[in-house]
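This is what each chain is made of:
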Amino acid sequence: MFDLNQFANLIPKAVLEAKEQEQKILMNGTPLSDSQIEDAKIIPVKYPERVRLLRVNQIPLPEDPELKFAAQAIQFIIPNTRGLTLQYGIFVKNDYWNNRELIVHELIHTSQYERLGGIQQFLNQYLTECIQFGYPQAPLEQEAIKKSELICT
Ligand SMILES: [Zn+2]
């Protein structure tokens, strides 16, 4: 079992892995469409032109065994996970590739990375909130859920 301190100790490793994954998506992903850029501006995302989407069959789990265990333990990445945002790199599960609400949801996370100042700052706050409140009750997650509903309905 994990306690809070053990979880917190994993954050630096999570930051490194997130940076690697972001680079992978930026190299292999596709830019936002015109309508996705419009949505990004409403949120607002500061630099929508930097965003890349990478279509995958399943959101990849971290390679590091401890991170992998933690991601599954807090239900952060499970087989049903629809998307994962690593700053400007967004993994999108196959079935949700054309799902506007999911893309808007993930773009709201991009705007949070921008607001907080980058991968390290975002993950530090986001993962701490997940430890404190649980996922998806974390305030940053709730912001993405509520705002994407508002924009898409
Ligand atoms: Zn989310």
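Calculation rules
- Residues numbered from 1 in each chain as written.
- Predicted model: local features only at pLDDT ≥ 70, side-chain atom pairs only at ≥ 80, totals over all residues.
- Heavy atoms only, no water.
- Core = buried A, V, L, I, M, F, W, Y, C linked by side-chain atoms within 4.5 Å.
- Buried < 20%, exposed > 50% of the residue type's maximum accessible area, 1.4 Å probe, protein only.
- Contact = heavy atoms within 4.5 Å.
- Pairing = 2+ DSSP bridges.
- Helix = DSSP H or I, 4+ residues; strand = E, 2+ residues; numbered from the N terminus.
- Axes fitted to C-alpha atoms, helices over the stretch in contact; angles between N-to-C directions.
- Donors = N, O, S within 2.8 Å, 3.2 Å for Na, K, Ca; no water.
- Salt bridge = Lys/Arg side-chain N within 4 Å of Asp/Glu carboxyl O.

We now examine the nonpolar core. By size, the foremost hydrophobic cluster in this structure holds 29 residues, and its most contacted members are Leu84, Leu86, Phe91, Leu123 and Tyr126. If sequence neighbours within four positions are ignored, Leu84 has contacts with Ile59, Phe76, Ile77, Gly89, Ile90, Phe91 and Glu106.

Strand pairing within a sheet occurs via backbone hydrogen bonds; the two strands may be parallel or antiparallel. Strands sit in the order β1-β2-β4-β3 across an open sheet of four strands; the sheet is mixed. Looking at the sheet topology across the chains shown, the edges are occupied by β1 (30–31) and β3 (83–86). The pairing of strand β2 (residues 52–56) with strand β4 (residues 89–93) spans five bridges and is parallel. Residue Arg55 lies in a different strand from β4, and its bridge partner there is Val92. In the packing of helix α5 (residues 100–116) onto the sheet, contacts are made with β2, β3 and β4, and the angle to β3 comes to roughly 20 degrees.

Here we come to the coordination of the zinc ion. In the first shell of the zinc ion, the protein supplies His105 (NE2), His109 (NE2), Glu141 (OE) and Glu141 (OE), at 2.1 to 2.4 Å from the metal. Of note, the zinc ion draws all its donor residues from one chain, in the sequence arrangement H-x3-H-x31-E. With His109 in helix α5 and Glu141 in helix α7 (residues 139–152), the pair connects residues that are 32 residues apart, well separated along the chain. With a relative accessible area of 5%, His109 lands in the buried category. Classification of Glu141 by relative accessible area gives buried; the value is 3%.

Time to look at the pattern of salt bridges. Considering all chains together, one arrives at four salt bridges under this definition. Between Lys13 and Asp64 there is a salt bridge; the shortest N-O distance is 3.3 Å. Taken as a pair, Lys13 in helix α2 (residues 11–28) and Asp64 in the loop between β2 and α4 (65–73) lie far apart in primary sequence, 51 residues in all. With relative accessibility at 31%, the residue Lys13 sits in the partly exposed group. We note a salt bridge from Glu143 to Arg115, for which the minimum N-O separation is 2.9 Å. With Glu143 in helix α7 and Arg115 in helix α5, the pair connects residues that are 28 residues apart, well separated along the chain.

With omega at -5 degrees, the peptide bond leading from Ile43 into Pro44 counts as cis. That bond from Tyr135 to Pro136 is cis: its omega, 10 degrees, falls within 30 degrees of zero. Following the sequence through the fold, Pro136 ends up in the loop between α6 (119–133) and α7. For Gln87, which is not glycine, the phi dihedral falls at a positive 60 degrees. Note on Gln87: relative accessible area 16%, which makes it buried.

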